[in-house]
Amino acid sequence: DHFPVTEETVAGLMGEGGSLAAAMDAGRVYLLDHGIVEGVPTKKGTTLPAALSLFHVDGEGRLMPLAIQLGQTPDAGPVFTPRDPPWLWLTVKMFVQCADAAYHEAASHLLRTHLITEPFVIATARHLSDCHPLSALLAPHFEHTIAINYAARTQLLVPGGPIDMTMAAAFAGTVEIVKRAWAEWRFDDHHLPRSLAARGVNDVEALPG
């Protein structure tokens, strides 16, 4: 309802005779929703759109952008497509990449890779002997985790640090994205087969590769 893409919007963009309805019925249409970044603080002079992006699997099995709205409602502006002037379509895609980079840095990478691992490192060290089989299995995965996380908290993600200087979300926005992602995090959501199924990207025929 908030992303008014119609057959007319994407007419002629899905191959000869291709239609949005047929592609959706075949499970070959995917939505990328950056709503989590809506309203987060940004570095002065930058913007971080909470974009909605529609992708489709083309005739060669490639996942291709089909339509983009740079906001969560139609009030945010028009729906852009590859029919727009090349410079405009490229600019719109760059805005989406900016939102994706902010989400990846804060949620996918910092939170779900680094910060969430640290409690497991500590719990393993406190409660399992070094001789315990689980300790031996986990040790390579835990190597340097605490040292890297300490560096992230004291050097990387600090006011005036590298993230603050180079990312649109800067320090305050990155911390806010971490908070929002943590609020919806569940351990069992990150079992890979379950995660792929929940996101509808586990059908290798519909989405090759």
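What counts and what doesn't
Every chain begins its residue count from 1, and numbering advances along the sequence as written. Note on the predicted model: pLDDT of at least 70 is required for a residue's local features to be given, and 80 or more for side-chain atom pairs to be given and counted; whole-chain, interface and lining totals, by contrast, use all residues. Derived side-chain values reflect all non-hydrogen atoms in the structure, with water molecules and hydrogen atoms excluded from consideration. Here a strand is any run of E in DSSP of at least two residues, a helix any run of H or I of at least four, and the numbering for each starts at the N terminus. Only protein chains enter the area calculation, which uses a 1.4 Å probe; residues under 20% of their type maximum are buried, those over 50% are exposed, and those in between are partly exposed. Just so you know, the count uses Lys and Arg for positive and Asp and Glu for negative, and it drops His and the chain ends. Any Lys or Arg side-chain nitrogen located within 4 Å of an Asp or Glu carboxyl oxygen qualifies as a salt bridge. As used in this structure description, the phrase polar contact means that two N or O atoms lie within 3.5 Å; if the pair is within protein, one of them must be able to donate a hydrogen and the other to accept it, and residues adjacent in sequence are counted only when both atoms belong to side chains. In this analysis, two residues are considered to be in contact whenever any of their non-hydrogen atoms come within 4.5 Å of each other. Buried Ala, Val, Leu, Ile, Met, Phe, Trp, Tyr and Cys residues form a nonpolar core when they are joined through side-chain atoms within 4.5 Å.

1. Things to note about the side chain of Asp164
- Mapping Asp164 onto the fold places it in helix H6 (residues 162-166).
- We note that Asp164 is buried and unpaired, the nearest opposite charge coming from Lys43 at a distance of 7.2 Å.
- At 2.7 Å, the side chain of Asp164 forms a polar contact with the backbone nitrogen of Gly160.
- Excluding residues that lie within four positions of it along the chain, Asp164 makes contacts with Lys43, Val158, Pro159, Ala170 and Phe171.

2. Structural notes on the side chain of Gln72
- Tracing the backbone shows Gln72 in the loop between strand S3 (63-69) and strand S4 (79-80).
- Judged by its relative accessible area of 17%, Gln72 falls in the buried class.
- Here the side chain of Gln72 touches Asp33 through a polar contact of 3.0 Å, side chain to side chain.
- Polar contacts involving the side chain of Gln72 include one to the main-chain carbonyl oxygen of Ala50, which spans 2.8 Å.
- Setting aside chain neighbours within four positions, we find Gln72 in contact with His2, Asp33, His34, Gly35, Glu38, Ala50, Ala51 and Leu52.

3. As for the nonpolar core
- Ranked by internal contacts, the top residues of the largest apolar core, which has 23 residues, are Val37, Leu48 and Ile177.
- Counting only elements with at least two residues in this core, the list comes to helix H2 (86-115) and helix H7 (170-183).
- No other element matches H2, which puts seven residues into this core.
- If sequence neighbours within four positions are ignored, Leu48 has contacts with Val37, Val40, Thr42, Cys98, Ala99, Ala102, Ala168 and Ala169.
- With eleven residues, the next largest nonpolar core counts Val10, Met14, Leu20 and Leu66 among its residues.

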